[in-house]
Amino acid sequence: MEVLVKMWILLLLLSVCSETVICYSDGKVEAACGDMTPQHGHDPRTKNPPFNLTADKSQFSPGDEIKVTLSMVPSYEGKKYFKGFLIEARDAVNLDEKVGSFKLINPGISQLLTCDSKEGSAVSHTDKSHKTEVQVIWEAPSDSPSSVQFLVTVVQGFKEYWVKSPGPVVSQNGFTPPPQTSVGGSIGAQTTQTTTSSILSRSFTSKGCGSEKSCLRDPEGCDPQNDNACHFLSFRAFESSVMFELSGPAEGYVSFALSEDKWMGKDDVYLCIRDTDRVEIKAAYVSGRTHPEYSSQNVLKDTAWRLSDGVIQCSFRRDIVLPPENLNRFSLDQMYYLFMAHGRAEDGQTHRHDRQPLISTYQRVLTGPPEDLTGSRSPLLMKYHGAFMLIAWTSTVSAGVIMARYFKSDWPERDILGQKVWFQLHRMLMALTVLLTLGGFVLPFMYRGGWSKRAGIHPYLGCVVMALAVIQPVMALFRPAPDASRRYIFNWMHFGTGTAAQVVAVVTIFLGIHQQALFLPAPWSTGVLAAIVVWFVLADLVLDVHRRGYFSIGKYLKNVKIYTEHINSDDMEMVFVPDENETSSAESCLKT
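What counts as what
- Residues numbered from 1 in each chain as written.
- Predicted model: local features only at pLDDT ≥ 70, side-chain atom pairs only at ≥ 80, totals over all residues.
- Heavy atoms only, no water.
- Pairing = 2+ DSSP bridges.
- Helix = DSSP H or I, 4+ residues; strand = E, 2+ residues; numbered from the N terminus.
- Buried < 20%, exposed > 50% of the residue type's maximum accessible area, 1.4 Å probe, protein only.
- Expected span 1.5 Å × (residues − 1).
- Disulfide = S-S within 2.5 Å.
- Contact = heavy atoms within 4.5 Å.
- Phe/Tyr/Trp six-rings, centres within 6.5 Å; stacked < 30°, edge-to-face > 60°.
- Patch = residues over 30% accessible without salt bridge, like charges linked within 9 Å, V, L, I, M, F, W, Y side chains within 5 Å.
- Areas by Shrake-Rupley, 256 points an atom, 1.4 Å probe, with all protein chains shown as cover.
- Salt bridge = Lys/Arg side-chain N within 4 Å of Asp/Glu carboxyl O.

*Asks:* Where do I start with the sheet that holds strand β9 (residues 147-155) in this structure?
*Replies:* Backbone-to-backbone hydrogen bonds pair the strands of a sheet. The strands run either parallel or antiparallel. Judged by pairing direction, the sheet is mixed, and its six strands sit side by side in the order β2-β10-β9-β4-β7-β6 without closing on themselves. The outermost strands of the open sheet, each flanked by one partner alone, are β2 (59-60) and β6 (110-115). Two elements, β6 and strand β7 (residues 118-125), share six bridges in a ladder whose sense is antiparallel. By the bridge assignment, Leu112 is partnered in β7 with Val123.

Below, the structure written as structure tokens:
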């Protein structure tokens, strides 16, 4: 039965190969309550809107309810749906003032938002599903102005959206409504300023790195002119500005960021995003581990780009110090860590970077003297985390299990410090396992500054392993005497908890080696880890079979004696001496 369990564990471990994909939708858009503009970094459309916004009443009294309907135009020849929306009611005279509150008709596709501390003052989508119609109820407040206008932002795609389109105007009874504005305009819509970029005539080069310009490269020392796999960032100061060059192989975008620490969040970001056969160069800001918020101010000058053999290249110039209204742009005369990342982009929208960002080893002043910088994609704390866990659960714990399981009978009378040899070795190895696990468990929290939401099930299994690793020695402290009647209960619990911890730990390691923070080569890392696990399981099986007497190596060697009469010479004589039973058997055969 025990052999079957081990074989099942082996098959389970070999079958572990998974990748965690995290999907989410942005239904909470309170950040856009003011200008009603999606942070997509593209200019909104202002002509031929494919939707209608209507109200079932044109007159109202305080406390009345009005049904507002957003629907697609049936005759529209393009997309017959929309994905996102934002509906608000505002004072028709002062469009900055939100009025009243909404109620939901279909909570499955719409949700209430709190804008300007007014609960339910706006309605938005709940997911990115295709919609053709949305209906909501607007309730007029007791202090309602004489006229109220409904506004709507509608999103069909990342580049296809209409911002703050004016809808119907409703007025209180007894008041004359102001002139009606038809849907299709874009009131106060904030657009992203763009400039025409030129096309680079030649590729960037690493010539001058360290002497004329500062460079950050991966692999270290690569030249983008000769190596398409080279990720390259260079910068040099020119009077009151800094010139940047960015290059790298990517399906969607290459980017770099200025950060005050080695953690993503509150960073000044610059992206070169591929859009079919051209490149858009944008400045953005990331407040956390989120999509970048593109700047509405044009702060980049002399922009240029190039596409060749899957490599995206772009260059631009930025002033060292910007006006105060550019709140999220850092001054370039301060010290920052440099991040380099790349990834996919779809319809102009960037996705999470494909690999762990390359982070400069130390902070750098961009206006300082030229320097050839170094960086790493794997933080040192995460390297120690992986090393501690790997040593603990593929080395020390395996040796400790083998000591207790197979050497107990071989060293029955030998003691160390008043305890059996096998027990002292087992206890020492298991204590080392717990200490390594504890150290490895703490390091990711130190690096992340908290819980990682993008590591999939790996951290959850890690917590299970840590709990089981602590339970084992605590359970051992209360173990009964070897001759106690209920000792077998402890034995099974100790065996079960230890086996569960070992299996979960190895599964967790298999999942962990694919984490971006470790940056291990695939598929070699998986193959090496699988070989280590197979080796331990096979060794355990061989020793178990040997213990049960099915494969006894000792019986072939127990009669081998080595005579070393001449210690100082190289002559050694090995003689096979049969025992009495074998001699008797041989004599019987001769007599026969």
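*Asks:* Looking at this structure, how should I read unusual backbone geometry?
*Replies:* Along the chain, Asp218 connects to Pro219 via a cis peptide bond; the corresponding omega equals 0 degrees. By secondary structure assignment, the location of Pro219 is in the loop between β12 (214-218) and β13 (231-238). Phi at Asp116 is positive, roughly 55 degrees, even though this residue is not glycine. Looking at the element boundaries, Asp116 is found in the loop between β6 and β7. On the accessibility criterion, Asp116 (52% relative accessible area) is exposed. Positive phi, close to 55 degrees, is recorded for Asp309, a residue that is not glycine. In this structure, Asp309 sits in the loop between β19 (300-308) and β20 (311-319).

*Asks:* Is there a simple way to think about helix α3 (residues 421-448) in this case?
*Replies:* For the α-helix, the turn length of 3.6 residues means that residues three or four positions removed from each other point alike. In this model α3 runs 42 Å from its N-terminal to its C-terminal C-alpha over 28 residues, within 8% of the 40 Å that 1.5 Å per residue would give. Trailing α3 by a residue or two, Gly449 shows a phi angle of about 75 degrees, which is positive.

*Asks:* Any chance you could explain the state of the cysteines here in plain terms?
*Replies:* In a disulfide, the sulfur atoms of two cysteines are held together by a covalent bond. Under the defined criterion, the tally for this structure stands at four disulfides. Note that Cys272 is cross-linked by a disulfide to Cys314, the S-S spacing being 1.6 Å. With the S-S bond torsion at 50 degrees, the cross-link from Cys272 to Cys314 turns out right-handed. Of this pair, Cys272 sits in strand β16 (residues 267-275) while Cys314 sits in strand β20; the two residues are 42 residues apart in sequence, bridging distant segments of the chain. Classification of Cys314 by relative accessible area gives buried; the value is 0%. Taken in N- to C-terminal order, the disulfide-linked cysteines of the protein are connected 1-2, 3-4, 5-6, 7-8.

*Asks:* Please clarify how the environment of Ile273 should be interpreted in this entry.
*Replies:* Here Ile273 is to be found in strand β16. Sequence-distant contacts of Ile273, defined by excluding residues within four places in its chain, comprise Gly252, Tyr253, Arg278, Val279, Glu280, Lys282, Tyr294, Ala345, Gly348 and Thr350.

*Asks:* Looking at this model, I keep getting lost on the packing of aromatic side chains. Mind explaining?
*Replies:* Each aromatic ring pair is specified by the distance between its two centres and by the angle formed by the two planes. Going through the model one piece at a time under the given rule, you end up with 18 aromatic pairs. Ring centres 5.3 Å apart and planes at 20 degrees place the aromatic pair Phe330 and Tyr336 in the stacked group. Assigned by exposure class, Phe330 and Tyr336 land together as buried. Between the aromatic rings of Phe441 and Phe445, the centroid separation amounts to 5.4 Å while the plane-to-plane angle is 55 degrees, which identifies the pairing as tilted. With Phe441 and Phe445 both in helix α3, this residue pair falls four residues apart, about one helical turn.

*Asks:* Looking at this model, I keep getting lost on the pairing of β20. Mind explaining?
*Replies:* Consecutive side chains of a regular strand alternate in pointing toward one face of the sheet and then the other. Among the nine residues in β20, eight count as buried, and that is most of the element. Bridge count between strand β14 (residues 241-249) and β20: nine bridges; the pairing is antiparallel. Note on β20: the bridge partner recorded for Val242 is Arg318. The pairing of β19 with β20 spans seven bridges and is classified as antiparallel.

*Asks:* In this structure, what is going on with the environment of Val397? I would like to understand it.
*Replies:* Along the chain, the position of Val397 falls in helix α2 (residues 380-406). Sequence separation between Val397 and Thr433 is 36 residues, and the spatial gap between their C-alpha atoms is 6.0 Å. For Val397, the contacting residues outside a window of four places in its chain are Ala392, Met430, Thr433 and Gln502.

*Asks:* Hey, could you run me through a nonpolar patch on the surface in this one?
*Replies:* There is a patch of nonpolar side chains on the surface, built from Tyr488, Ile489, Trp492, Met493 and Phe495 and spanning about 550 Å² of accessible area. Among the secondary structure elements, Phe495 is positioned in helix α5 (residues 487-512). The exposure class of Phe495 is partly exposed, given its relative accessible area of 30%.

*Asks:* For this particular structure, what's the right way to read the sheet that holds β14?
*Replies:* With mixed pairing, seven strands are arranged side by side in an open sheet as β11-β19-β20-β14-β13-β12-β25. The open sheet has two edge strands, β11 (198-199) and β25 (372-373), and neither has a second partner. Here β12 runs beside β25; their pairing, made up of two bridges, is parallel. Paired with Leu216 across the strands is Leu373, a residue of β25.

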